[in-house]
2 protein chains.
Amino acid sequence: MSVKALFAALAISLLSACAAPQLRGTGDLGVVIERATGRVEVVETSGRSMLGKVAGLGDLSHASVNYSRDGRYAYVFGRDGGLSKVDLLELRIVKRVLQSGNSIGGAISQDGKLVAVANYTPGGVKVFDSNTLDLVADIPALDAAGKPSKVVGLVDAPGNRFVWSLFESGEIWVADMKTPASPVLQKFRNIGKEPYDAMITADGRYYLAGLFGEDGLAMLDLWNIPAGVKRVLNGYGRGEQKLPVFKMPHLEGWAATGNELLVPAVGRHEVLVVDQNRWNETGRIPVHGQPVFVVARPDNRQVWVNFAFPHNDTVQVIDVPSRKIVHTFKPGKGVLHIEFTPRGEHAWLSLRDENRVEIYDSESFARLGDLQADSPSGIFFTHRAHRTGL
Amino acid sequence: MSVKALFAALAISLLSACAAPQLRGTGDLGVVIERATGRVEVVETSGRSMLGKVAGLGDLSHASVNYSRDGRYAYVFGRDGGLSKVDLLELRIVKRVLQSGNSIGGAISQDGKLVAVANYTPGGVKVFDSNTLDLVADIPALDAAGKPSKVVGLVDAPGNRFVWSLFESGEIWVADMKTPASPVLQKFRNIGKEPYDAMITADGRYYLAGLFGEDGLAMLDLWNIPAGVKRVLNGYGRGEQKLPVFKMPHLEGWAATGNELLVPAVGRHEVLVVDQNRWNETGRIPVHGQPVFVVARPDNRQVWVNFAFPHNDTVQVIDVPSRKIVHTFKPGKGVLHIEFTPRGEHAWLSLRDENRVEIYDSESFARLGDLQADSPSGIFFTHRAHRTGL
């Protein structure tokens, strides 16, 4: 190679090395899950554009995402037990581990140092270093007799804790991760039959598990652990199992609006209003179909609702103070998820069967634009890094 | 120059051009105001380190900061009317305008496109394009007779609105900025004597202005604008003006903890408990001195309080459910501000007279470390970009 050619080659390689990833803030980034293709689409919400796609993430049906505390890395939890760390700036997978045969979501610790994954097969929780994805702790989910359970409803809680539920054995476990390699476990047994999902309130105080095998919810007040798990909202789900339930609503889809929770009824065309101090039902709002996600706009003034098949082409908006539906619209087929921008000016909707994401003004309801995406499901923006339980 | 020397020079210049600002997320960044030197210190909360300092920001006594929605840029509002846009990644001032003779803080619009500044001299609000800092709207603060007022208590509100108060004329104005160059103003007159500061609740619903000239607070419910401004908390400040008030507490320092606000009493060694639904006082918590900032940990379980001189060497922690003081400590002289990391695991304190920032574990209260800073005052982390009224 001549000196001139070497010179040119060096210049090009240096330039391409530094030109590739653009210096930018990460506060307005997010990902859209492309469930059918094992990819995520990286998006930014200021200009409402796609930055690129990252492939090779495995089975992303029922995938979820957490973020590193700097907002640069997305931890993608796949259904196949894959845990992938995706760099949103360099648009690449930094590390990927197949940590079990079948998993159902995860959580990142309050200090951002630990990523935990809930597993079906084999059951249990694995905890990884968020930087390296090295295994830090492996916590089997065995009941008192030593039988394994599927783990569901894994969330983070203040005090660098994780909380989860055991499906078969009907237990709630709290893990204090202050010494990551030696989790301190508290186990609550006989909390109810077959907890199938759970949520934690935004303040990190109340952990609520939905029960597949009976009515009501199991609640643990993390500010009063000695009081143990109590049963609340005893009517929730009563008799609903006899109705055709097209999709069990996610508990993460519950909307907290000050003193009230707005909750999807199971199998009914209703959103339930729950008093968050007394934990009883105070009202029902008739809606267009079986609600799946009931999502509060960040100012809590509105709640947006999507629905199970065959009503999953429709979105309704509830005005919280009046409890009235103020807007109904049909964006298209297969509305799977709703995500608001951090301060709530826009709502992003994923339309799986239309292969696009649509963006709406949350005050005028004007359609602002759309982005192409292959079978989009979950949409996750990076401000979740700064919230408990998201 | 020989080919070899040219080669080396090119390599160095290309490397230095691209090596300078490191690719990184912005979700864990923040700034510390160095009030005496006109600088900000850029910090990161994951490794608890200083990234660098940016100088040339003018008079930073009583400075405040807002963030761009991507978390990359800090808008620094100086006392001298200076508005500076600081790039946290490149550690430099991108743009600086001296927009008035004397100003008192600002706000960024919900959509992130507009930065507004509240001015003393001359009074009024100037609104700038957040990208270019070009002037978009200039709104004088004139009463019905055409007399100018100082503007205080400027905040952002949902619906791309700004809200502020007029000190001399006793008014609250709401500006709808949907068409930025043509703000639509709603003016509420006779709201009370000399509003000196204001805050908006985290949901962007209630705007509350403190009154220097009389007791009580002026409240505007932005969900019910036709109801107009009401007087609430009539006892607030009653008779307190006769006591020596060492520092009027900031209203931004009020802590919302679910249904309650914890509020610094004016001139008294007490924190007031206010029912946020009825807007009456329901309790008083005796504290070590005249409270200045009453800051809720993000999970609302604790509230940290600092004090006016001569008690400004001390911090107290209130346990919210029991309303008891669970910890009292003396970090050093001149504790001016308290800022929690986004999910609340650490509290950062600025110690003006010790020239350092200290970092504490918010659960064990262990001191985790410190950073040098020249006369530090306000500490502002980038997650504020995603919150209303911060």
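Heads up: these notes are all about the structure in this document. (Residues numbered from 1 in each chain as written. Chains lettered and ligands numbered in written order. Predicted model: local features only at pLDDT ≥ 70, side-chain atom pairs only at ≥ 80, totals over all residues. Heavy atoms only, no water.)

### So, the interface of chain B and chain A
Here is step 1 of the chain: Between chain B and chain A, the contact holds 51 residues from the first and 51 residues from the second.
Here is step 2 of the chain: Between chain B and chain A, a total of about 4600 Å² is buried, with carbon and sulfur atoms accounting for 55% of that surface.
Here is step 3 of the chain: Together, Leu-23, Arg-69 and Arg-343 of chain B form the three largest contributors to the area buried by chain B at its contact with chain A, with a combined 20%.
Here is step 4 of the chain: If you look at where chain B meets chain A, you find 6 salt bridges.
Here is step 5 of the chain: Between Arg-343 of chain A and Asp-156 of chain B there is a salt bridge, with its nearest N and O atoms 2.7 Å apart.
Here is step 6 of the chain: Our count for the contact surface shared by chain B and chain A stands at 25 residue pairs in polar contact (both at pLDDT 80 or more).
Here is step 7 of the chain: Among the elements that make up the side of chain B that touches chain A, the one with the highest residue count is helix α1 (residues 3-19) of chain B (8 residues).
Here is step 8 of the chain: Considering only residue class, the side of chain B that touches chain A consists of 17 nonpolar, 18 polar and 16 charged. (Contact = heavy atoms within 4.5 Å. Buried area = accessible area lost by both parts, 1.4 Å probe. Salt bridge = Lys/Arg side-chain N within 4 Å of Asp/Glu carboxyl O. Polar contact = N/O pair within 3.5 Å; in protein donor to acceptor, adjacent residues only side chain to side chain. Helix = DSSP H or I, 4+ residues; strand = E, 2+ residues; numbered from the N terminus. Nonpolar A, V, L, I, M, F, W, Y, C, P; charged D, E, K, R; others polar.)

### Considering the sheet that holds strand β28 (residues 335-340) of chain A
Residues and elements named next belong to chain A.
Here is step 1 of the chain: Spatial strand order, β28-β29-β30-β31: 4 strands in an open sheet with antiparallel pairing. Looking along the sheet, the strands with just one partner apiece sit at the ends: β28 and β31 (367-372). Here the strands of the sheet are splayed against their neighbours by 20 degrees on average, with no regard to which way each runs. (Pairing = 2+ DSSP bridges. Axes fitted to C-alpha atoms, helices over the stretch in contact; angles between N-to-C directions.)

### Quick notes on the side chain of Asn-160 of chain B
All names here are of chain B.
Here is step 1 of the chain: Inspection of the secondary structure assignment puts Asn-160 in the loop between β12 (151-157) and β13 (161-166).
Here is step 2 of the chain: A polar side-chain atom of Asn-160 sits 2.9 Å from the main-chain amide nitrogen of Asp-111.
Here is step 3 of the chain: Those residues in contact with Asn-160 that lie beyond four places of it in its chain are Ser-109, Gln-110, Asp-111, Leu-114, Ala-175, Asp-176, Met-177 and Lys-178.

### Here we look at the pattern of salt bridges
Residues and elements named next belong to chain A.
Here is step 1 of the chain: By the definition in use, this model includes 58 salt bridges over all chains.
Here is step 2 of the chain: In this structure, Arg-96 engages Asp-80 in a salt bridge whose closest nitrogen and oxygen atoms are separated by 3.6 Å. Of this pair, Arg-96 sits in strand β7 (residues 92-98) while Asp-80 is found in the loop between β5 (73-77) and β6 (82-87), placing the two residues 16 residues apart along the sequence.
Here is step 3 of the chain: Among the salt bridges present, the one from Asp-176 reaches Lys-178, with a minimum N-O distance of 2.8 Å.
Here is step 4 of the chain: Connected via shared salt-bridge partners are Glu-34, Arg-39, Glu-41, Lys-53 and Asp-374.

### Quick word on the layout of surface pockets
Here is step 1 of the chain: Here the second largest pocket is characterised by a volume of approximately 720 Å³.
Here is step 2 of the chain: Lining the second largest pocket are 34 residues, and of these Gln-110, Gly-159, Asn-160 and Lys-178 of chain A together with Glu-363 of chain B sit closest to its centre.
Here is step 3 of the chain: For the lining of the second largest pocket, the per-class residue count stands at 8 nonpolar, 11 polar and 15 charged. (1 Å grid on protein atoms, 1.4 Å probe; cavity = no way out; pocket = protein on both sides within 12 Å on 5 of 7 lines; lining within 4 Å. Points joined across faces, edges and corners; volume = space filled by probe spheres on them.)

### Some points on the nonpolar core
Here is a general trend for soluble globular proteins: nonpolar side chains tend to be buried in one another's company.
Here is step 1 of the chain: Counting 38 residues, the largest nonpolar core has Val-31 of chain A together with Val-31 of chain B as the members making the most contacts within it.
Here is step 2 of the chain: Broken down by secondary-structure element, the contributors of at least two residues to this core are β1 (29-34), β2 (39-44), β4 (64-67) and β5 of chain A together with β1 (29-34), β2 (39-44), β4 (64-67) and β5 (73-77) of chain B.
Here is step 3 of the chain: Aside from chain neighbours lying at most four places away, what touches Val-31 of chain A is Val-40, Glu-41, Val-42, Val-43, Val-65, Tyr-67, Ala-74, Leu-88, Gly-378, Ile-379 and Phe-380 of chain A. (Core = buried A, V, L, I, M, F, W, Y, C linked by side-chain atoms within 4.5 Å. Buried < 20%, exposed > 50% of the residue type's maximum accessible area, 1.4 Å probe, protein only.)

### Looking at the relation of the copies chain B and chain A
Here is step 1 of the chain: Superposing chain B onto chain A requires a rotation of 180 degrees together with a translation of 0.0 Å along the rotation axis, leaving an RMSD of 0.0 Å. On the angle and the small slide along the axis, the relation comes out as a two-fold axis.
Here is step 2 of the chain: Mapped onto chain A, 100% of the interface residues of chain B are again interface residues, and the two copies thus contact each other with one and the same surface. (Least-squares fit on C-alpha atoms with pLDDT ≥ 70 in both.)

### A look at the sheet that holds β4 of chain B
Residues and elements named next belong to chain B.
Here is step 1 of the chain: Taken in spatial order, the 4 strands make up an open sheet running β4-β5-β6-β7, and their pairing is antiparallel. Bordering the open sheet on either side are β4 and β7 (92-98), each of which pairs with just one other strand. Averaged over all pairs of adjacent strands, the angle between strand axes in this sheet comes to 20 degrees, irrespective of strand direction.
Here is step 2 of the chain: Pairing geometry for β5 and strand β6 (residues 82-87), over 5 bridges, is antiparallel. Across the sheet, the residue bridging to Phe-77 is Leu-83, located in β6.

Keep in mind that these numbers describe shape and distance, not what the molecule does.
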